[in-house]
Amino acid sequence: MNLKSTVNQQGEVVTQIIHFIGGEKRTFHGIISESIKQGQFTKFKTIDGTMICINDKNVLCIEIFKEQ
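First things first, this report covers the structure right here in the doc. (Residues numbered from 1 in each chain as written. Predicted model: local features only at pLDDT ≥ 70, side-chain atom pairs only at ≥ 80, totals over all residues. Heavy atoms only, no water.)

## Focus: the sheet that holds strand β2 (residues 25-32)
In spatial order, the strands read β2-β1-β5; together these 3 strands make up an open sheet with antiparallel pairing. Every interior strand has two partners, whereas the edge strands, β2 and β5 (59-66), have only one. Looking at each pair of strands side by side, their axes are set apart by 20° on average, direction ignored. Two elements, strand β1 (residues 13-20) and β5, share 7 bridges in a ladder whose sense is antiparallel. When the bridges of β5 are listed, I18 appears paired with I62. (Pairing = 2+ DSSP bridges. Helix = DSSP H or I, 4+ residues; strand = E, 2+ residues; numbered from the N terminus. Axes fitted to C-alpha atoms, helices over the stretch in contact; angles between N-to-C directions.)

Here it is, written out as structure tokens:
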């Protein structure tokens, strides 16, 4: 599955709520959809220039919302 193309369908800038193993959730706002790169770590940039790396093996699911 190509997560990048799926997220792009939601919009150019999105919010993601990432659910981690163990029950913790983190919300990231202002994610630039085209910046998402997948590998052992999923990497993306936000509109304020922050780069975030997430270890995929610790993730249960990701909720994605289009930002207005």
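And the narrative resumes.
## Concerning empty space enclosed by the protein
Taken as a whole and assessed by the stated rule, the structure comprises 1 cavity of 30 Å³ or more. Estimates place the volume of the largest cavity at around 40 Å³. What lines the largest cavity is simply Q16, I18, T42, F44, I54, D56, V59 and I62. Only β1, β3 (41-45) and β5 provide two or more residues apiece to the lining of the largest cavity. Here the residues of the lining of the largest cavity sort into 5 nonpolar, 2 polar and 1 charged. (1 Å grid on protein atoms, 1.4 Å probe; cavity = no way out; pocket = protein on both sides within 12 Å on 5 of 7 lines; lining within 4 Å. Points joined across faces, edges and corners; volume = space filled by probe spheres on them. Nonpolar A, V, L, I, M, F, W, Y, C, P; charged D, E, K, R; others polar.)

## Let's talk about the environment of I17
By the element assignment, I17 lies in strand β1. The class for I17 is buried, based on a relative accessible area of 19%. When the C-alpha atoms of I17 and E34 are compared, they prove to be 18 Å apart, with 17 residues separating the residues in sequence. Those residues in contact with I17, other than ones at most four positions away along the chain, are K25, R26, T27, C61, I62, E63 and F65. (Buried < 20%, exposed > 50% of the residue type's maximum accessible area, 1.4 Å probe, protein only. Contact = heavy atoms within 4.5 Å.)

## Points about the pairing of β3
Across the two faces of β3 the burial differs, with T42 and F44 buried and F41, K43 and K45 not buried at all. Of the pairings in the sheet, the one linking β3 to strand β4 (residues 51-55) comprises 5 bridges and is antiparallel in character. Bridged to T42 within β4 is I54.

## Focus: the pairing of β1
On a regular strand, one side chain projects to one face of the sheet and the next to the other, so that they alternate. Burial analysis of β1 places 7 of its 8 residues in the buried class, the great majority of the element. Direction of pairing for β1 relative to β2: antiparallel, over a ladder of 6 bridges. Residue pairing for β2: Q16 is matched across the bridge by F28. Counting the residues in the hairpin turn of β1 and β2 gives 4 residues, including G22, whose phi is positive at 100°.

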